[in-house]
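Commentary on secondary and tertiary structure
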Amino acid sequence: MPNTASCYISSGLSLGCSDSIGGIKKIYIGGGTGYTTGYTYNSTGAVTGATSTSGTTYYGFELKRGTSGLVQTTTKSFENGTVYYEQVLTIQLYKYDQDKRNQMKILGQNDNLQIIAIDQNDVQYLLGQVNYSYMSGGNASSGTALGDKNGYEFVFSAQEAEPARVISGALATVYSGATISN
């Protein structure tokens with residue numbers, strides 16, 4: 001048997017309690033003239049620090065509950081010996097207006113986005129940490145019937161060598177040098 005000790009697990013997982021809920025409640029998208037690098041991690045691999053250059057701002061987007069989600073898919077080629085993780089974040093923004101239209105246009109042109117997604121359990125995920133995220137799709141819809149959604153759907157994707165890391169701590173503390181704009 002080949003020596004692949006680093007590929008072996010060292011513990012199991014318990015079932016735990018049924019105390020989790022689904023959905024993404026808020027995201028932050030990195031912008032401005034700076035960028036974030038120099039990550040530090042705790043013993044479990046969660047991000048505990050990140051150094052940002054001058055001009056880095058993370059802009060907050062609030063989301064309605066039950067409308068937005070994050071899916072991470074593992075893609076492995078046994079024959080080629082490769083594995084990567086596809087991170088897909090889908091968000092809904094309501095009311096078709098010029099400001100959201102402008103954001104859709106700008107985000108669609110940027111292939112180097114770093115996104116922080118916060119789920120309904122207050123877990124913070126770092127998407128596109130190494131290879132960055134990009135807006136891979138979306139739509140704007142006026143709706144047809146009076147009760148139909150009028151607004152936008154943005155889909156962001158990233159392909160990374162590892163699943164999205166969890167951020168441990170308050171964003172303003174972890175992301176030194178960056179501005180966190182709610």
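Here's what I pulled together on the structure shown here. Predicted, not measured: the structure shown is a model, and the values here were computed from it.

1. Points about the pairing of strand E10 (residues 151-160)
The element E10 is largely enclosed, with a buried count of 8 among its 10 residues. As paired strands, strand E6 (residues 82-94) and E10 are joined by 10 bridges and run antiparallel to one another. From the neighbouring strand, Ile91 faces E10, where its bridge partner is Phe154. Pairing between strand E9 (residues 134-141) and E10: 7 bridges, direction antiparallel. The residue bridging Ser141 from the neighbouring strand is Gly151, located in E10.

2. Here's the deal with unusual backbone geometry
Its identity is not glycine, yet Lys95 carries a phi of approximately 75 degrees, on the positive side. Along the chain, the position of Lys95 falls in the loop between E6 and helix H1 (98-109). Residue Lys95 is classed as exposed on the basis of its relative accessible area, which comes to 58%. You will see that Asp122, though not glycine, has its phi angle at about 65 degrees, which is positive.

3. What about the nonpolar core?
Within soluble globular proteins, side chains that are nonpolar generally end up buried alongside one another. Formed by 20 residues in total, the largest nonpolar core has its most connected members in Ile27, Ile29, Leu89, Ile91, Ile115, Phe154 and Phe156. Sorting the residues of this core by element identifies strand E1 (24-32), E6, H1, strand E7 (115-119), strand E8 (124-127) and E10 as the ones contributing at least two each. Not counting residues up to four positions away in its chain, the partners in contact with Ile115 are Ile27, Tyr28, Ile29, Leu89, Tyr125, Leu126, Leu127, Ser133 and Phe156. Residues Ala50, Ile118, Ile167 and Val174 belong to the second largest nonpolar core, which totals 13 residues.

Each value, and the rule that gives it
Residues numbered from 1 in each chain as written. Predicted model: local features only at pLDDT ≥ 70, side-chain atom pairs only at ≥ 80, totals over all residues. Heavy atoms only, no water. Buried < 20%, exposed > 50% of the residue type's maximum accessible area, 1.4 Å probe, protein only. Helix = DSSP H or I, 4+ residues; strand = E, 2+ residues; numbered from the N terminus. Pairing = 2+ DSSP bridges. Core = buried A, V, L, I, M, F, W, Y, C linked by side-chain atoms within 4.5 Å. Contact = heavy atoms within 4.5 Å.

Purely spatial values, then, with no claim about function.
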